[in-house]
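# Architecture at a glance
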Amino acid sequence: MGLRTAVQTREVLRVLLERSQAEHYGLEISKAAGLAPGVLYPILAQLERDGWLESDWEKIDEHVVKRRRRRYYSLTPDGLTGAQRTLAVPLDRLPPQMARPLSPGWAVEL
Amino acid sequence: MKMMILFVSAVAVPLLVSEGYDWLPYLARWLTRQAARVLPPEYRRRYIDEWAAELDALPGGKITRLAFAVRVSIKAPKIGAILREIPAHRVKIPEKADIPEIDSTVAHPARMYNYFLGGRDNYEADRVAARRVAAIIPGIQEMARANRAFLGRAVRFAAEQGIRQFLDIGTGLPAPGNTTDVARQIDPDAQVVYVDNDPIVLSHARAMLAKGDPLHTTVIRADLRDPDAILNDPQIRAALDFGQPIAVLLVAVLHFIPDNDDPAAIVHRLMERMAPGSCVVISHGTGDFDPKKAAEAVNTYAQTGAQIVARSKQEIERFFDELELVEPGVVQVPWWHPDTEIPQEAAEVWWYGAVARKS
């Protein structure tokens, strides 16, 4: 993973950590993190692949609220710890090994 | 994929923009659906639905939606590659609440019926099974059309009696001449509630019927075998006024209810709760005209997992006990209030139909 993706991933983690759960769907995360949807979805998929994120359908009756249900993302326990550790390291101190593929352990090894 | 996106952005978009913006939302939906095709199959439904919800929620103009669609389309191969790395045991079944993925490899009676009506909401497996039934009963397509026409005449009859609320149980796949179409011709404000227990039917019905006019159309999942669940459903109670007459439509559905589940008691229970002036519309397959062939057709349906019970005229008449049958009573559907000359092949329509009123 390049430095750019690492920085973008931090932004996504920050949004998931700091914003309320009600805003954890693609469009809102993309807005809050300042990332285009084309950038965001691969990051979400990676975090899901690595077990940091889970996703599930919004619990609404589409027919009653007259809109489609959204897909909501939430941090897993691993993701929560990982996100906190990741964000604890200031950006200017990110070491070069950031260029490695993302994995649940990557933040811990910094 | 890349070629397609190039084409869309270079040729189609300027063209469509100059034609007005109306096509753009459809194009955006279409693009995201195409994009999902490069994802692993078990994730396709999820991303199609996820992106559809995002498209709906996007603020701003239609161009914004298209931009969203183009962006996720370009990245779809990358997303697909990431998803393929997820170990199989962690893949959850891609559910969309109560609407499962439609299995197109197993024939389904609602889609077979749709095929008989000349509709397009059917798959190869449905067509194969439908043709097997048609080989036994060549008139089956005519029967499906005759049944549909009966539904139309019966709904019109009820609307002309002043009934403005329709409870259509066992809706089937939407097709031209559905209850809403007919009821609206008489009263644009008619309330229609569609009830079906079949997720395939529901997903189609919700998409097509409710979006057209959500204020006057309600679609709910319930099972006819539990009439109290239907009568007490909060959405139904919100949509219908049980103090006013309601037309209860049980068109081509009671023959899916075996005797063990006591279909007559179900009809009785439903009508018990309706206000005076309400009516019930029933059509039902019968073996009276050729018991042997009817039995073969029932067996063919059984192979698709659908249990059908062909019933005699006497058995069907029992459904109307305590109600007042509208003339001419229980007849083959083409003979119920015909609005054109009855064609010769109508004799081959092995469906009884009738309307009865609650006084």
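See the structure shown above.
Cut-offs and rules
- Residues numbered from 1 in each chain as written.
- Chains lettered and ligands numbered in written order.
- Predicted model: local features only at pLDDT ≥ 70, side-chain atom pairs only at ≥ 80, totals over all residues.
- Heavy atoms only, no water.
- Helix = DSSP H or I, 4+ residues; strand = E, 2+ residues; numbered from the N terminus.
- Buried < 20%, exposed > 50% of the residue type's maximum accessible area, 1.4 Å probe, protein only.
- Contact = heavy atoms within 4.5 Å.
- Areas by Shrake-Rupley, 256 points an atom, 1.4 Å probe, with all protein chains shown as cover.
- Expected span 1.5 Å × (residues − 1).
- Arc of directions from axis to C-beta.
- Salt bridge = Lys/Arg side-chain N within 4 Å of Asp/Glu carboxyl O.

Along chain A, the regular secondary structure elements total 5 helices and 2 strands. Along the chain direction, N to C, the helices and strands of chain A fall in the order α-α-α-β-α-β-α. Expressed as a percentage of the 110 residues in chain A, the buried residues total 54%. Sequence-distant contacts in chain A: of pairs separated by 6 or more residues, those separated by 24 or more amount to 55%. Accessible area for chain A stands at about 5100 Å²; split by element, carbon and sulfur atoms hold 53% of it.

Here the focus is helix H2 (residues 26-33) of chain A. Think of an α-helix as 3.6 residues a turn; residues three or four steps apart then line up on the same face. All names here are of chain A. Judged by how many residues are buried, H2 sits mostly within the fold: 6 of 8 residues are covered. Every buried residue of H2 is listed here: Gly26, Leu27, Glu28, Ile29, Ser30 and Ala33. Glycine 34 lies just past H2 and shows a positive phi near 70 degrees.

A separate point is helix H5 (residues 77-88) of chain A. Residue and element names in this part refer to chain A. When the terminal C-alpha atoms of H5 are compared, their 17 Å separation across 12 residues agrees well with the 16 Å that a helix rising 1.5 Å per residue should span. Within H5 the residues assigned to the buried category are Gly79, Gly82, Ala83, Thr86 and Leu87. Across the axial projection of H5, the buried residues extend over an arc of 120 degrees, all falling on one side. Exposed positions of H5 whose direction lies more than 90 degrees from the buried face are Pro77 and Ala88.

Before going further, it helps to examine the pattern of salt bridges. Residue and element names in this part refer to chain B. As enumerated under the stated definition, the model contains 21 salt bridges over all chains in all. Note that aspartate 223 and arginine 225 form a salt bridge whose closest N and O atoms lie 2.8 Å from each other. Look at arginine 225 and you get partly exposed, because its relative accessible area is 43%. In this structure, arginine 269 and aspartate 228 form a salt bridge, with 2.8 Å as the shortest nitrogen-oxygen distance. You can see arginine 269 sitting in helix H12 (residues 263-272) and its partner aspartate 228 sitting in helix H10 (residues 227-232), a full 41 residues away along the chain. Judged by relative accessible area, which is 30%, aspartate 228 ranks as partly exposed.

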